[in-house]
Amino acid sequence: MKGLRRALDRIKPNFAKGGRFEKLHSTFDAFEAFLFVPDKVTFTGSHIRDAVDLKRTMSFVVIAMMPPLLFGMWNVGSQHFLANGMETGLWQNFWFGFLQMLPIVIVSYVTGLAIEFGFAQARGHEVNEGFLVTGMLIPLIMPPDVPLWMVALATAFAVVFGKEVFGGTGMNILNPALTARAFLFFAYPGEMSGDKVWIVDKPDAFSGATPLGDAMIAEVSKIPSPMDMFLGFIPGSIGETSKLAILIGAMILLFTGVASWRIMLSVVVGGLVMGLIFNLVALNDYMLIPAWEHLIMGGFAFGAVYMATDPVTAAQTLKGQYIYGFLIGFLAILARVFNPAYPEGMMLAILFMNVFAPLIDHYVIQANIIKRRKRWERARVKADLNNGFKEEAHV
Amino acid sequence: MSAELKEKDPMFSLKNRRLVSAPLNRDNPITVQVLGICSALAVTAKMEPAVVMALSVIFVLGMGNVVISLLRKTIAPRIRIIVQLTVIATLVILVDEFLKAYAYNVSKQLSVFVGLIITNCIIMGRFEAFSMANKPWPSFLDGVGNALGYGLILVIVAFFRELLGSGSIWGYPVLEKIGLYHIGYENNGMMILPPMALILVGIIIWVQRSRVRELIEKN
């Protein structure tokens, strides 16, 4: 460790102002901050410095993504061997999924980080840690069979148009990982939906439809048992299948205070309310699915825990978070049941509400301002009246 | 006196040439003035309709500017918008009928968008901003210049949308001929959808502003 520190200190002057590689200083800073805690302190003014900086926050999210990631690897292998009628053990499944997953993760990180470093370099900004989370989320919401060049293209699109054009991490309107998925969903629908893409090397005779796919074509009877869907023994995007793993991740996020419990709760409530409305209307088989079962189908849980709670793109005000989350859940189930073109409504619901989050915040703040102004005016009127009485008493 | 001097302005003086060249780059109607976006989204999925659209707009705007410029002293200011609309509508109907007669397929592809040239903001904008106050010849050049600037962006956007979205250029399947599909390439369906045209226009604006830095707004 000391050797590394010394090596860094030795080459550091080259990247300082006036040094030989002055232009590359943001790249150097990024690596130094990644390897060691940055030693920068503020000298002027008083700032509250919290130990939970961006790097720490992002690391917690990455840790919270580990359960779905590990389960996803196992499930990719399990589904593949199951479809091909082979009996395999735990490690064999896991190893197959790991090999399938690794290139996707590497492609996503390499593409995204290369673009982030490029932009930071060109603008003279510092590279920040935002992409550590996005780069892991992108593989988790891809079908296991996705071609690698598509991952690269979608990542590039998402980082450039979802994030960098708005000014980089913290300034983006849309969730970059979902932007990547939405891009692929509209650009290459054949690789992102249907029943062929959810199992690696699926034999033609085997039905590889996800529960949502079955429900969409009114084959509700084919939906796997709730226990299977909860534990995740179903085909689907890599990270979304196991609700148990996602629940563990949600616990980590909530315990560390990284994600907003208000958003998670209200997304679930929104989904349940819409589900119950459909149960009451009950026009077709799909509407008869119990409301709670919607929560463990498709990407609803994954979106609620990892996507909707993205602190940059979600509503910032506390009241706004309830509205924002509720509408996500509500719209997701609505799109899911009503629109045959979009079997999974969660992605579009979250992106849609991302766009509306600033508007919600604006009105919540305005309402607060109006409320406080009224209170102040009432107090003034009261004070005036009191003064008036006093003056009369004097006369 | 100054009017006398202007009279002697040569036909292709620097000023007149600027009228044509400025809208191609730093005064572009789409990327700088941000006018005429709607049709840029609608007709650029393929090259052919985009080029036909561009030619139609060149005709309508060039001729319209001349007509308005000739009429400019007789139009009562209060009813000028009505007069302008009548002129545009006449020219657009001419174009529409011409396309129906000689290029029926393209005319069907463009469908309502030929008629909607009437509402293209660039045309009204040039009438109001230029030809109501200038002589016919500069007005003609201004009209053609702006329409060319509009057409240029249309053709660039259409080129990329057709190449990446349908894998062809002017209907010729380029990507299939060079065998890109065999190695797993697929057409990008998003390119066919209008939002991608908006993003492409955004990229053009980005490229242009990083080359012509004085276009960057400061606020």
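This structure is a prediction, so every number in the text was calculated from the model and none was measured.

## Examining the overall build of chain A
(1) Moving on: Summing up its helical and strand segments, chain A has 17 helices and zero strands in all.
(2) Moving on: Considering chain A as a whole, with its 395 residues, one finds that 47% of them fall into the buried category.
(3) Moving on: Relative to all contacts within chain A whose residues are 6 or more apart in sequence, the contacts with residues 24 or more apart total 71%.

## Things to note about the interface of chain A and chain B
(1) Moving on: With 13 residues of chain A at the interface, the matching set in chain B holds twelve residues.
(2) Moving on: Buried surface at the junction of chain A and chain B, both sides included, amounts to about 960 Å², of which 72% is carbon and sulfur.
(3) Moving on: Along the contact surface separating chain A from chain B lie two residue pairs in polar contact (both at pLDDT 80 or more).
(4) Moving on: Every element with two or more residues in the side of chain A that touches chain B is listed here: α7 (148–163) and α8 (176–187) of chain A.

## Structural notes on helix α11 (residues 194–211) of chain B
(1) Moving on: Between its first and last C-alpha, α11(B) extends 26 Å over 18 residues, near the 26 Å set by a 1.5 Å rise per residue.
(2) Moving on: Among all positions in α11(B), only B:M196, B:A197, B:I199, B:L200, B:V201, B:I204, B:Q208 and B:R209 are buried.
(3) Moving on: As for α11(B), its buried residues are in contact with α7 and α8 of chain A together with α3 (37–42) and α9 (136–166) of chain B.

## Describing a positive patch on the surface
All names here are of chain A.
(1) Moving on: Taken together, the side chains of K319, K371, R372, K374, R375 and R378 present a region of like positive charge at the surface.
(2) Moving on: Within the fold, R375 resides in helix α17 (residues 346–394).
(3) Moving on: R375 gets classed as partly exposed once you look at its relative accessible area, which sits at 47%.

## Digging into the packing of aromatic side chains
(1) Moving on: All told, the structure shown has 23 aromatic pairs over all chains when counted by the stated rule.
(2) Moving on: Aromatic side chains A:F157 and A:F161 sit 5.2 Å apart centroid to centroid with 35° between the ring planes, which places their arrangement in the tilted category. Within this pair, A:F157 and its partner A:F161 are both found in helix α7, separated by four residues, close to a single helical turn.
(3) Moving on: By relative accessible area, A:F157 is classed as buried at 10%.
(4) Moving on: An aromatic cluster is built from A:F119, A:F157, A:F161, A:F183 and B:W206, whose rings are joined through pairwise contacts.

## A word on the state of the cysteines
Residue and element names in this part refer to chain B.
(1) Moving on: Inspection of the entire model under this criterion finds zero disulfides over all chains.
(2) Moving on: With no disulfide of its own, C121 has C38 as its nearest cysteine by sulfur position, at a separation of 5.2 Å.
(3) Moving on: Note on C121: relative accessible area 35%, which makes it partly exposed.

## Points about the pattern of salt bridges
Residues and elements named next belong to chain A.
(1) Moving on: Considering all chains together, one arrives at five salt bridges over all chains under this definition.
(2) Moving on: When the shortest N-O distance is used, the salt bridge between E116 and K163 registers 2.8 Å. Here E116 is found in helix α5 (residues 90–123), whereas its partner K163 is found in helix α7, with 47 residues between them in sequence. Each of the two residues, E116 as well as K163, counts as buried.

## Quick notes on the side chain of A:T313
All names here are of chain A.
(1) Moving on: As for its placement among the helices and strands, T313 is situated in the loop between α15 (300–307) and α16 (318–338).
(2) Moving on: Side-chain polar atoms of T313 contact the side chain of D310, separated by 3.1 Å.
(3) Moving on: Not counting the four nearest positions on each side in its chain, T313 is found in contact with N172, I173, L174, N175, Y324, N354 and A357.

## Let's talk about the domain arrangement of chain A
All names here are of chain A.
(1) Moving on: Its domain assignment divides chain A into domain 1 (2–35) and domain 2 (54–367).
(2) Moving on: One C-alpha centre belongs to domain 1, the other to domain 2; they are set 37 Å apart.
(3) Moving on: Contact with domain 1, which involves ten residues of that partner, is made by eight residues of domain 2.
(4) Moving on: For the pair domain 1 and domain 2, the summed buried area comes to about 640 Å², and 53% of that belongs to carbon and sulfur atoms.
(5) Moving on: Between the two partners, domain 1 and domain 2, sit zero residue pairs in polar contact (both at pLDDT 80 or more).
(6) Moving on: Each residue belonging to the side of domain 1 that touches domain 2 can be placed in one class, and the counts come to five nonpolar, three polar and two charged.

## Points about unusual backbone geometry
(1) Moving on: Notably, B:V34 is not glycine yet its phi reads approximately 50°, a positive angle.
(2) Moving on: By the element assignment, B:V34 lies in the loop between α2 (14–21) and α3.

## Some words on the side chain of A:E240
Residues and elements named next belong to chain A.
(1) Moving on: Mapped onto the elements, E240 comes out in the loop between α11 (226–231) and α12 (243–255).
(2) Moving on: In terms of polar contacts, E240 uses its side chain to reach the backbone amide nitrogen of S237, at 3.1 Å.
(3) Moving on: Only 3.3 Å separates the side chain of E240 from the backbone nitrogen of G299, close enough to count as a polar contact.
(4) Moving on: Leave out the neighbours within four places in its chain, and E240 touches L140, I246, G298, G299 and F302.

## Regarding the environment of A:L148
Residues and elements named next belong to chain A.
(1) Moving on: Among the structural elements, L148 can be located in helix α7.
(2) Moving on: Judged by its relative accessible area of 35%, L148 is partly exposed.
(3) Moving on: For the pair L148 and V105, spaced 43 residues apart in sequence, the C-alpha to C-alpha distance is 9.7 Å.
(4) Moving on: Beyond its immediate stretch of four places on either side in the chain, L148 contacts P103, I104 and V107.

## Structural notes on the environment of A:L254
Residues and elements named next belong to chain A.
(1) Moving on: Relative to the helices and strands, L254 resides in helix α12.
(2) Moving on: On the basis of relative accessible area, L254 is assigned to the partly exposed category, the value being 34%.
(3) Moving on: Here the alpha-carbon distance between L254 and R380, two residues 126 residues apart in the chain, equals 43 Å.

## Let's talk about a nonpolar patch on the surface
(1) Moving on: On the surface, A:V165, A:F166, A:M171, A:I173, A:F352, A:V355, A:F356, A:L359, A:Y363 and B:W206 cluster together into a nonpolar patch covering about 920 Å² of accessible area.
(2) Moving on: If you tally residues by element for the nonpolar patch, the top one is α17(A), at five residues.
(3) Moving on: Mapped onto the fold, A:V355 is located in helix α17.

## Thoughts on the packing of helix α3 (residues 54–64) of chain A against α12(A)
Residue and element names in this part refer to chain A.
(1) Moving on: Remark: α3 packs on α12, axes separated minimally by 8 Å, with the N-to-C direction vectors making an angle of 160°. Taken together, the axes of α3 and α12 are roughly antiparallel relative to one another. Considering how the two elements wind past one another, α3 and α12 form a crossing that is right-handed. Along the contact surface, α3 presents F60, V61, I63 and A64, while α12 presents G249, I252 and L253.
(2) Moving on: For the contact of α3 with α12, the class distribution of residues is six nonpolar, one polar and no charged.

The rules behind these values
Residues numbered from 1 in each chain as written. Chains lettered and ligands numbered in written order. Predicted model: local features only at pLDDT ≥ 70, side-chain atom pairs only at ≥ 80, totals over all residues. Heavy atoms only, no water. Helix = DSSP H or I, 4+ residues; strand = E, 2+ residues; numbered from the N terminus. Buried < 20%, exposed > 50% of the residue type's maximum accessible area, 1.4 Å probe, protein only. Contact = heavy atoms within 4.5 Å. Buried area = accessible area lost by both parts, 1.4 Å probe. Polar contact = N/O pair within 3.5 Å; in protein donor to acceptor, adjacent residues only side chain to side chain. Expected span 1.5 Å × (residues − 1). Patch = residues over 30% accessible without salt bridge, like charges linked within 9 Å, V, L, I, M, F, W, Y side chains within 5 Å. Areas by Shrake-Rupley, 256 points an atom, 1.4 Å probe, with all protein chains shown as cover. Salt bridge = Lys/Arg side-chain N within 4 Å of Asp/Glu carboxyl O. Lys, Arg positive; Asp, Glu negative; His and termini not counted. Charge placed at Lys NZ, Arg CZ, Asp CG, Glu CD. Phe/Tyr/Trp six-rings, centres within 6.5 Å; stacked < 30°, edge-to-face > 60°. Disulfide = S-S within 2.5 Å. Domains from an automatic or database assignment. Nonpolar A, V, L, I, M, F, W, Y, C, P; charged D, E, K, R; others polar. Axes fitted to C-alpha atoms, helices over the stretch in contact; angles between N-to-C directions. Parallel < 35°, antiparallel > 145°, perpendicular 65-115°, else oblique. Left-handed = near helix turned anticlockwise from the far one by under 90°.

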